[in-house]
Amino acid sequence: MGKGGENYGKKESIGTESLNRDPFPAWSKDVRECEERFKVNRERGLSSDQVDNQRKIYGWNELEKHEGASIFKLILEQFNDTLVRILLAAAVISFVLAWYDGEEGGEMEITAFVEPLVIFLILIVNAIVGIWQESNAEKALEALKEIQSEHATVIRDGKKITNLPSKELVPGDIVELRVGDKVPADMRVLSLVSSTVRVEQGSLTGESEAVSKTVKVVPENSDIQGKKCMVFAGTTMVSGHCFCLVTHTGMNSEIGKVHAHIHEASQSEEDTPLKKKLNEFGETLTFIIGLICALVWLINVKYFLSWEYVDGWPKNFKFSFEKCTYYFEIAVALAVAAIPEGLPAVITTCLALGTRKMAQKNALVRRLPSVETLGCTTVICSDKTGTLTTNQMAVAKLVAIGSRAGTLRSFDVGGTTYNPFDGKIHGWPGAQMDANLQTVAKIAAVCNDAGVELSGNHYVVNGLPTEAALKVLVEKMGIPEGLDSGSLSTRDDVLRCSQIWNEIEHRIATLEFDRDRKSMGVIVNSKSGKKSLLVKGAVENLLERSSCIQLADGNIAVLDQNSKDLILESLKEMSTSALRCLGFAYKEDLPEFATYNGDEDHPAHQLLLDPLKYSLIESQLIFVGLVGLRDPPRKEVRQAIEDCKAAGIRVMVITGDNKNTAEAICREIGVFGPFEDISSRSLTGKEFMEIRDQKNHLRQSGGLLFSRAEPRHKQDIVRLLKDDGEVVAMTGDGVNDAPALKLADIGIAMGIAGTEVAKEASDMVLADDNFSTIVAAVGEGRSIYNNMKAFIRYMISSNIGEVASIFLTAALGIPEGMIPVQLLWVNLVTDGPPATALGFNPPDKDIMRKPPRRSDDSLITAWILFRYLVIGLYVGIATVGIFIIWYTHDSFLGIDLSGDGHSLVTYSQLANWGQCSSWEGFSVSPFTAGDQVFNFDASPCEYFQSGKIKASTLSLSVLVAIEMFNSLNALSEDGSLLTMPPWVNPWLLLAMSVSFGLHFLILYVPFLAQVFNIVPLSLNEWLLVLAVSFPVILIDEILKFVGRCTSGLRNPRARKTSKHKSE
C-alpha cells in the first residue's frame, strides 16, 4: 500500500461506522461540483503533478495486505487447548521418568520410551493439521484481489492512456468504460456516450439484474443500490459506453470496505460448540486428574515416607526415593488412563466421514468442525437470489389480446430455468396459435440480443437474463403451422424456434433501449418484402405510444380507454405478484424506411443516429400483449422451509433485491403465510438499522425478511444473532456476502453462481446452489453429532474404567496391574476402531422433527455420568479382580487356572507385597507362559514384580474385552440391544474384530509382547476373561431400563425448554 492507503487501513479498524461516513458524497453532487472538488477537467484529465499529489494523500489503488500470523505464533496456538496441555505434561513427565529408568538400563528401557514418543507424535500431527487449517484462513482476501481490474483507459495531460495499470489510478482520474470492462475503482458517472449504460453489480449489491446508470444526482443518504450515478470497483459493464470520474480507490472503495470487514470477521472467529464443550471437559478433567493423583499419592505416602514419634513429635524420617518414583509413575499412569488420547483422532475421522456423506448430498465442507456446527444451527440467514430462487429469469405469465376489443387472454407459463424443455404453457393451442400469439412470439424472438447455450448440464446465458427468458418462452410457444417447420427438425440449436423467426424477419436496424422511453425496437425486413418495426419495453410507455391493438385473429382495433384500463389492471395485478412486466407492440407503416436496407448513405440512417428521434419512430404502435417475468423460487425450497420449521430452525431472508419482489417470493416459498400481515417482519436494511431494539426484532418467532440489505447490514444481523446465543448459518454468493459468511458460525457459499471470494470465506460450499441442500446437511450434521456423542461417551466411560482400575490398585496396595504404555495402546489403538465405527450409527428417523440442541447443552448429563461411573467402577473391579484371582485362586467360576503351575499367595501377602523381603521361608515355583518359563529361585520377591506379567496380561485382556462389549452399549443412549441389535451397524462388528485382532497381535508376536510386557494366554484363561467381561452388557441394560422408566421424571423441564425455544 502507498502511504495514504496505509493510513486508511488504520482508520478502517475504528469500526463500521467510520466506513459509512464520506467527506465528499459524489453521488449527491452534480458533475460540475465533482470536477471542481477534484480540480479536474474532463477533456484533459489530471496533470502528472496532480497525480503525484493525489497518490501521496490516497496511496495506491490496491487492497491492503494484512500480515498473517507467524509460524511460531501458529505453533503456540495449537497448544492453547486444555487436553493438549495435559497430554504434553504427561509426555514430558513420562520422558523424564523413562530417562531416569534408562540410566539403569534393562528391558524396561524400550517400553518406557514408547509412551512419551507416541504422545509427542500425536501432538505433532495435531499441530500440523491445525497450522494447515489456519494458513488457509486468509485466502478470501487473496480471492478478493483477483476480481479487481488490472488495466484502465485514462485521460491524463490531455492524452488517452489505454493500458494504465489500475493500481496507479488516483481520485480525480477521468476513466473511459466500454462494454465488457471491469470497473477499476469507485467512480462518478460524468457523461454517457451511448444512450444507456448498464452495469452488473449483483456480486457486490445482491441485485438480480444489471443496473442502468445515469449522470443525475441522487439523495446523499441513498443506499448502495440507490447510487445510480456511481459505478463500483470489481463490477462489470454489460452495455454502453461512458466517461467517469474516480472518487474512491483502494481501501476507500466499496470493495475495500468488504476487504476490511472480511479481515475483521476473520479476527473474531470463535470455537465451534463442540470445541467449547471439549475445552470445558478438558478443564474438568484436569481438576479430577489432579485430585485423584493427589489422593493416590496420599494413600501410598506410607510406602515411601515413614517416621517415628518421639515425645509426641514425628522424628527419624525415612524416605525411599525409589518407592517415591514408583508411585509417581502410578500417578502418571493414572493421567494417561484418564486422558482419551485417541479422541482428537476419532473426532477428526468421524468429521471426515461426515464430509464424504455431505459431499454425496452436494454439500462440500471446507472446514471439518463446521460439520458439527451444522447440527446445532438455530437460524439460517439465506440470500434470496440464486439460493431460494434459481437466479434464472423466467416468464411466468403471458397476456394476449382477446378475440374482440376489451378482452384479454392469460396463459400461465411453467418452468423455472433457462432450459426450454423445463415446463410448458398451460392451455396453449400449440401449432394452432392465432395471429396475435404469433406476433408476440415474433417480437420476443427478433427484438432480442440474448442467447442461451447448453454447457455441460447447465444452460448458460449470453446477454441480459430478461431477454434470455423471452427466447426460452418462444421455444415453449413453438412454431405455428405453415411456417418453415421442415427446417426446424434439422436444427440442433437450443433456440431453434427463435432462429426460424429471425430467418423470416431479418433485422436491419436497432433502436437501442434508453432510460427515457424505456423500450427497445428493431426494424426488420420480412421475407414478404415488407418493413416493420418490432418493439418491447415498459407496458405503460408502450401504451402511451400505441393507438391500436391487434386482436386474436390479426385484425386491428382502436386502443380505446376501456382496453387500456383492462391492460393496466392486468399490469397492476402482475406487478403486485412481483412480476417484472414487458409489453410488445409493432408498426408496419414506416414510409421513411420503405427502401432502407441498412445502408449508411440512406437518408433514413440519419434518423437512427439520433436517439432523441427514437420515440417519434416508435409512435402510433399496435399493442399485442405483455409478459410477466421473475426470478422464480426453486421447486424444492418450500418443502425445505417446512422441514426447517419442523426442526425448530428459523429462516431469515437477507437480500439486496427490492422489497416487493422479496416479499412475494417469501410468501410463495412459505417463509410468510399467503395472507399474513408482515409489516413488522419485512424491513429494508436501512429501516432495521433505525430500530431502537434490534435484538427484540430478531427474536420474533417465524420468518423475517430484510431487503435492500448492504454488506454491513448482513454483518450486523449475524453479529446480533450470535450475541443473543443463536448458532447462525449464513448463505451467500457475492462479494458483498463474504464478510457475513466469515462472521457466521457456518458460512455457506454457492458453488455454481458464487464468487471465489464468497467460497474462500465460507465453511461449506453448495455444489447445486440449493437451499434444500442446506437442510439436508443440517440433518446430516445432527446425525454426526449424535454419533460423536456416542463415541465420546464410549471413550470417556472406558477412561473412567481405567482410572478406577489404577485407583483401586493403589488403594488396595497390590502391585501395579497395567503399565502406562499398555493403557496408551488401549486408548489409541484398541478403542479407536469401535469409536470410529460408532460414527456410522444410522440416524434417528425423527432427527429433523426435534428442536436444535442448544450450543451450551452438556455432552454428558448427570444421569449418563452416573451410568458410566457405575460401568467404570465395574471395569475397575473386573481388571483388578482378575489380577487378584490369578494370584490367589487356582480356579474361578469352574475354570481351572492351575495349568501354568504358578504359586498361590494369600490376599494379605499380595496387599503387603512390599514387605516380602521380611517374610521367612517364602518361596514360589516356576510357571510357564507360552514358550517362556519364569523362575524365581534367586529372588522369590520378584514374583510380585516381573512375575506379575501373566496377571497383568489378564487385566489388560479384560480391559480390552470389556471395552469391546461396552461399544455395543454405546449403539444407543437409552435403547436396549434387543431393540437396536449390533448388526444395525455392521461397521461396529468389523471394528470389534479389528481391535481384538490387534490385541492378539501384541499377545502372540514375541517382539511386540516384549515391548508391551505381556505374555500369551491359554484357552482357559481366555474363558475367564470373557466370563469377567460380559456382565458389563447386563449392568448397562439394567441402567438403560431404569433410564427409560425415569425419563419422564428427568426430562419434562428439558422438553418444556425445547418447546419454548422452538416457539
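Remember, it's a predicted structure, so these values are computed and weren't measured experimentally. (Residues numbered from 1 in each chain as written. Predicted model: local features only at pLDDT ≥ 70, side-chain atom pairs only at ≥ 80, totals over all residues. Heavy atoms only, no water.)

Chemist: Run through the sheet that holds strand β28 (residues 728-732), naming residues and quoting values.
Modeler: With mixed pairing, the eight strands of this open sheet are ordered in space as β12-β30-β29-β28-β13-β25-β27-β26. The sheet is open, and its two edges are formed by β12 (363-365) and β26 (682-684), each paired on a single side. Between one strand and the next, the sheet's axes are offset by a mean angle of 20°, whatever the strand orientation. By the bridge criterion, four bridges tie strand β13 (residues 379-382) to strand β25 (residues 650-654) in an arrangement that is parallel. When the bridges of β25 are listed, I380 appears paired with V651. This element, helix α29 (residues 711-723), spans β13, β25, β27 (704-707) and β28 of the sheet and lies at about 165° to β28. (Pairing = 2+ DSSP bridges. Helix = DSSP H or I, 4+ residues; strand = E, 2+ residues; numbered from the N terminus. Axes fitted to C-alpha atoms, helices over the stretch in contact; angles between N-to-C directions. Contact = heavy atoms within 4.5 Å.)

Chemist: Describe the pairing of strand β21 (residues 546-550), and please don't skip the residues or the numbers.
Modeler: By the criterion of burial, β21 is predominantly enclosed, with four of the five residues buried. Where β21 meets strand β24 (residues 621-630), three bridges bridge the pair, whose relative direction is parallel. Within the sheet, the bridge partner assigned to I549 lies in β24 and is F623. For β21 and strand β22 (residues 556-558), the ladder comprises three bridges, and the chain directions are antiparallel. By the bridge assignment for β22, I549 is matched with A557. (Buried < 20%, exposed > 50% of the residue type's maximum accessible area, 1.4 Å probe, protein only.)

Chemist: Mind laying out the pattern of salt bridges, listing which residues take part and the relevant values?
Modeler: In total, this model carries 26 salt bridges according to the counting rule given. R178 is the partner of E176 in a salt bridge, and the nearest nitrogen-oxygen pair spans 3.1 Å. Across the salt bridge formed by R650 and E726, the nearest N and O atoms sit 3.2 Å from each other. Residue R650 is found in strand β25, and its partner E726 is found in the loop between α29 and β28; the two are separated by 76 residues along the sequence. Taken individually, R650 and E726 each receive the classification buried, so the pair is uniform in this respect. Overlapping salt bridges bring together K160, E176 and R178 as one network. (Salt bridge = Lys/Arg side-chain N within 4 Å of Asp/Glu carboxyl O.)

Chemist: How would you sum up the packing of helix α35 (residues 862-888) against helix α37 (residues 949-969)? Please name residues and give values.
Modeler: In the contact formed by α35 and α37, the axes pass within 8 Å of each other and the chain directions differ by 150°. When the axis of α35 is compared with that of α37, the two are roughly antiparallel. Judged by the twist between their axes, the crossing of α35 over α37 is right-handed. Residues Y868, I871, Y874, V875, A878, T879, I882, F883, W886 and Y887 of α35 form the contact with α37, whose own contacting residues are K950, A951, S952, L954, S955, V958, L959, I962 and N966. Looking at side-chain class alone, the contact of α35 with α37 contains 14 nonpolar, four polar and one charged residues. (Parallel < 35°, antiparallel > 145°, perpendicular 65-115°, else oblique. Left-handed = near helix turned anticlockwise from the far one by under 90°. Nonpolar A, V, L, I, M, F, W, Y, C, P; charged D, E, K, R; others polar.)

Chemist: An account of the nonpolar core is needed here, citing residue identities and associated values.
Modeler: Within the largest apolar cluster, 126 residues are counted, with the highest numbers of intra-cluster contacts made by F771 and Y887. With residues up to four places along the chain from it excluded, the contact list for F771 reads I380, S382, T387, L388, V637, A640, I641, C644 and V651. Within the second largest apolar cluster, 55 residues are counted, among which are V379, M652, L721 and L741. (Core = buried A, V, L, I, M, F, W, Y, C linked by side-chain atoms within 4.5 Å.)

Chemist: With reference to specific residues and values, describe the packing of aromatic side chains.
Modeler: Considering all chains together, one arrives at 23 aromatic pairs under this definition. Between F688 and F706 the ring centres are 5.0 Å apart and the planes differ by 75°, which places this aromatic pair in the edge-to-face class. Placement of the pair is F688 in helix α27 (residues 685-690) and F706 in strand β27, with a sequence separation of 18 residues. Side by side, F688 and F706 carry an identical accessibility label, which is buried. (Phe/Tyr/Trp six-rings, centres within 6.5 Å; stacked < 30°, edge-to-face > 60°.)

Chemist: How would you explain the state of the cysteines if you had to name every residue and give the values?
Modeler: This model, assessed by the stated rule, comprises one disulfide. Each sulfur of the disulfide joining C916 and C941 lies 2.0 Å from the other. On the sign convention where negative means left-handed, the S-S torsion of about -95° between C916 and C941 marks this disulfide as left-handed. One end of the pair, C916, is in the loop between α36 (907-911) and β33 (927-929); the other, C941, is in the loop between β34 (932-934) and α37, with 25 residues separating them in the sequence. Taking the relative accessible area as the measure of exposure, C941 reaches 24% and is therefore partly exposed. (Disulfide = S-S within 2.5 Å.)

Chemist: Break down the UniProt feature "transmembrane region" (unreviewed entry) in the protein chain for me, with residues and values.
Modeler: In this structure's numbering, the residues bearing the UniProt feature "transmembrane region" (unreviewed entry) are residues 82-100, 112-132, 285-305, 325-353, 860-887, 987-1007 and 1022-1043. Helix makes up 90% of residues 285-305 and strand makes up 5%, while its end C-alpha atoms are separated by 29 Å. Structurally, residues 1022-1043 is divided into 95% helix and 0% strand, and its ends, taken at the C-alpha atoms, are 33 Å apart. (UniProt positions renumbered as here; feature names shortened; annotations may be inferred.)

Chemist: How would you explain helix α20 (residues 496-504) if you had to name every residue and give the values?
Modeler: Burial in α20 covers these residues: C497, S498, I500, W501 and I504. Seen along its axis, α20 keeps its buried residues to an arc of 160°; they face one direction. (Arc of directions from axis to C-beta.)

Chemist: Hey, could you go over the side chain of Q201 for me, with residue numbers and the actual values?
Modeler: You can see Q201 is positioned in the loop between β5 (197-200) and α9 (202-205). Taking the relative accessible area as the measure of exposure, Q201 reaches 0% and is therefore buried. At 3.0 Å, the side chain of Q201 and the side chain of K213 are in polar contact. (Polar contact = N/O pair within 3.5 Å; in protein donor to acceptor, adjacent residues only side chain to side chain.)

Chemist: Could you give an account of the sheet that holds strand β6 (residues 211-213), naming the residues involved and the relevant values?
Modeler: Taken in spatial order, the three strands of this open sheet run β6-β5-β8, and their pairing is antiparallel. The two strands at the open ends of the sheet, each matched to only one other strand, are β6 and β8 (236-239). Neighbour-to-neighbour, the strand axes of the sheet open up by a mean angle of 45°, direction not taken into account. Where β5 and β8 come together, three bridges link them in antiparallel fashion. In the strand pairing of β8, R198 is matched with S239.

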